[in-house]
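Coordinate inspection notes
Given next are the chains, with one letter for each unit.
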Amino acid sequence: MNKCKRLILLGLIFGIGAIFFAPLRANAEPLRDAPIYIVQSGDTLVAIAARFNTTVAILKKLNNLVNDDLIQVGQKLILPATEISSAATNAIAYIVQPGDTLQRIALRYGTTLRALQQLNDLPNPNLLTPGFAIAIPRAPALVKPGLQIDALDARQGGTTVIKIARPELTTVTGILNGRPLKFTRAGGYAFALLGASRCAKIGALPLTIVTSDARGQAATENVTINITTTAYLVNAITLPPAGVSILQDSALIKRESDELVSIINKVSPTRLWRGAFRQPVYTAITENFGTRRSYNGGPVGACGHEGTDFSMKLGDPVFAAARGRVVFSALTQVRGNLVVIDHGLGVFTGYYHLSALTVQAGQMTNPGDVIGKAGSTGLSTGPHLHWSMWINGEYVDPMEWTRRVIP
Ligand SMILES: [Zn+2]
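Note that the structure is a prediction, hence the values are computed from the model and not measured.

The rules we used
- Residues numbered from 1 in each chain as written.
- Predicted model: local features only at pLDDT ≥ 70, side-chain atom pairs only at ≥ 80, totals over all residues.
- Helix = DSSP H or I, 4+ residues; strand = E, 2+ residues; numbered from the N terminus.
- Buried ≥ 20, exposed ≤ 12 C-beta atoms within 10 Å, placed from the backbone.
- Contact = placed C-beta atoms within 7 Å.
- Pairing = 2+ DSSP bridges.
- Axes fitted to C-alpha atoms, helices over the stretch in contact; angles between N-to-C directions.
- Core = buried A, V, L, I, M, F, W, Y, C linked by C-beta atoms within 7 Å.
- Domains from an automatic or database assignment.
- Arc of directions from axis to C-beta.
- pLDDT = per-residue confidence, 0-100.

1. Examining the overall build of the protein chain
For the protein chain, the helix and strand inventory stands at 9 helices and 27 strands. In the protein chain, which comprises 407 residues, the proportion classed as buried is 33%. Residue pairs in contact within the protein chain that sit at least 24 positions apart in sequence constitute 70% of those at least 6 positions apart.

2. Topic: the sheet that holds strand S10 (residues 179–181)
In space, the 5 strands of this open sheet follow the order S7-S14-S13-S9-S10, with mixed pairing throughout. Of all the strands in the sheet, the pair left with one neighbour each is strand S7 (153–155) and S10. Each neighbouring strand pair of the sheet contributes to a mean axis angle of 35 degrees, computed without reference to strand direction.

3. A closer look at the nonpolar core
If you look at the biggest cluster of nonpolar residues, it comprises 52 residues, and the most contacted ones within it are Val 318, Val 339, Val 340, Phe 348, Tyr 351 and Leu 385. Per-domain counts for this core show at least three residues from each of domain 2 (141–228) and domain 3 (234–403). Ranked by size, the runner-up nonpolar core spans 23 residues in total, among them Leu 45, Ile 78, Leu 128 and Ala 135.

4. A look at the sheet that holds strand S25 (residues 370–373)
Spatial strand order, S19-S25-S23: 3 strands in an open sheet with antiparallel pairing. The outermost strands of the open sheet, each flanked by one partner alone, are strand S19 (317–319) and strand S23 (356–357). Bridge count for S23 against S25 is 2 bridges, and the pairing is antiparallel. Bridging from a neighbouring strand, Ala 356 pairs with Lys 373 of S25.

5. Remarks on the pairing of strand S13 (residues 203–213)
Walk down a regular strand and you will see the side chains alternate between the two sheet faces. Where strand S9 (residues 169–176) meets S13, 7 bridges bridge the pair, whose relative direction is antiparallel. Each bridged residue has a counterpart across the sheet, and for Val 172 the counterpart in S13 is Thr 211. Both S13 and strand S14 (residues 218–228) contribute to a ladder of 10 bridges, which runs antiparallel. Residue Ser 212 lies in a different strand from S14, and its bridge partner there is Ala 218. The turn joining S13 and S14, which pair antiparallel and follow one another in sequence, is formed by 4 residues; a positive phi near 80 degrees is taken by Gly 216.

6. Here we look at unusual backbone geometry
Put simply, Ile 406 and Pro 407 share a cis peptide bond, and its omega is 5 degrees. Looking at where Pro 407 falls in the secondary structure, it is placed in the segment after helix H9 (400–403). Although it is not a glycine, Asn 64 adopts a positive phi angle of roughly 55 degrees. Along the chain, the position of Asn 64 falls in the loop between helix H3 (56–62) and strand S2 (76–78). In this model, His 353 sits at a positive phi of 65 degrees, which is unusual for a non-glycine residue. With respect to the helices and strands, His 353 occurs in strand S22 (residues 347–354).

7. Remarks on helix H6 (residues 113–120)
Those residues of H6 lying buried are Leu 116, Leu 119 and Asn 120. Buried positions in H6, seen along its axis, are confined to an arc of 85 degrees and lie on one side of it. Packing partners of the buried residues in H6 comprise strand S3 (91–95), helix H5 (102–108) and strand S4 (133–137). Asp 121 occupies a position one or two residues after H6 and carries a positive phi of about 50 degrees.

8. Comments concerning the environment of Cys 303
With respect to the helices and strands, the residue Cys 303 is situated in the loop between strand S17 (292–295) and strand S18 (308–311). Along the sequence, Cys 303 and Arg 292 sit 11 residues apart, while their C-alpha atoms lie 6.4 Å from each other. Beyond its immediate stretch of four places on either side in the chain, Cys 303 contacts Arg 198 and Cys 199.

9. So, the confidence of the model for the protein chain
Predicted confidence across the protein chain gives a mean pLDDT of 82, with 86% of residues reaching 70 or more. Contacts of residues 1–30 to residues separated by more than four positions or lying in other chains number 31 contacts, the stretch itself having pLDDT below 50.

10. Things to note about the environment of Gly 290
In this structure, Gly 290 sits in the loop between strand S16 (285–287) and S17. When the C-alpha positions of Gly 290 and Thr 230 are compared, they lie 8.6 Å apart, and in sequence the two are 60 residues distant. When neighbours within four sequence positions are excluded, Gly 290 is seen to be in contact with Gly 157, Arg 198, Thr 230, Tyr 232, Gly 304, His 305 and Asp 397.

11. Structural notes on the pairing of S25
Pairing geometry for S19 and S25, over 3 bridges, is antiparallel. Opposite Pro 317, over in S25, you have Lys 373 as the bridge partner.

Here it is as structure tokens:
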């Protein structure tokens, strides 16, 4: 039994288990299918309320919380169902009914026993208490038998998983908007990741999936994925003259970006990550992914912020978000001291503006390993951590990967 499971079990024995499965008020019906947020290290009720455009009072009422301080990492909080909370979370609440088994719930919601156990840290799947809430992953759209796509509406800056669960197939390939889409086998299915650019053109993307089975029988399926708008904010940024001169040096910006593109386009064939990503740090977010910028009163850029910024003190440690191999660790002019980690299958994370680098290219990292110290090197107005993520060459919102397990 690993340490984490042992702690949970001890928690259950001593009654602390209620933290994980907080009982809900008797009038549970309106809470069915409510979005659920899983508390991350460093979260406060105030921050969660602000993020999901609600209030602490509403969160306390929905979750029967008596004390502001009583939230724990891993705890599932029910959120009011709004457009924001529904789009940003990927689990819904289900109130266990008398006679329910985890298997039956998994079947009803088109998910698996394993997914439910993982999401709910259930030490014993046979111990379900009626009246308690468990989190259910949002059902992906079942497009055709054996073909699942997270959502046929893919958000700008979002990650979409395309899964083919047909064990009889020997090959699965895809063409998305004229470009090859690579599928990877995992257990009984094959999956591909679609990273939509934060400034992707709105509209339909044709996806063609070509499969063949052991008898050489080929089949082609056509699906349309719609790219939908994400309403990114606009932020006015003031830079010192030195920063402006870097911004105006488009040749330099292009050179550095080309160098980065050559790094993140080298797709390694093995998936190195497992489960949800952790945040590199758990401090306040100072600028979200995709926020569009105007520097020193200039025009608003067409393509927004290429990552998520966290407030940091100079020299504070920065941690790897998931298992992977360091493929770049050096000083750059725009992004400062930069670490790039390859997680396999075209998934990369980048950590910018570090004051010190504590890993070298070629080194393996595990989630939570220190990779450097926070700083303000490169094009930066003060100590902060910028965290980027790439899926098959496109910047995507890295925070989505901390909120759900992909694939
Ligand atoms: Zn940034």
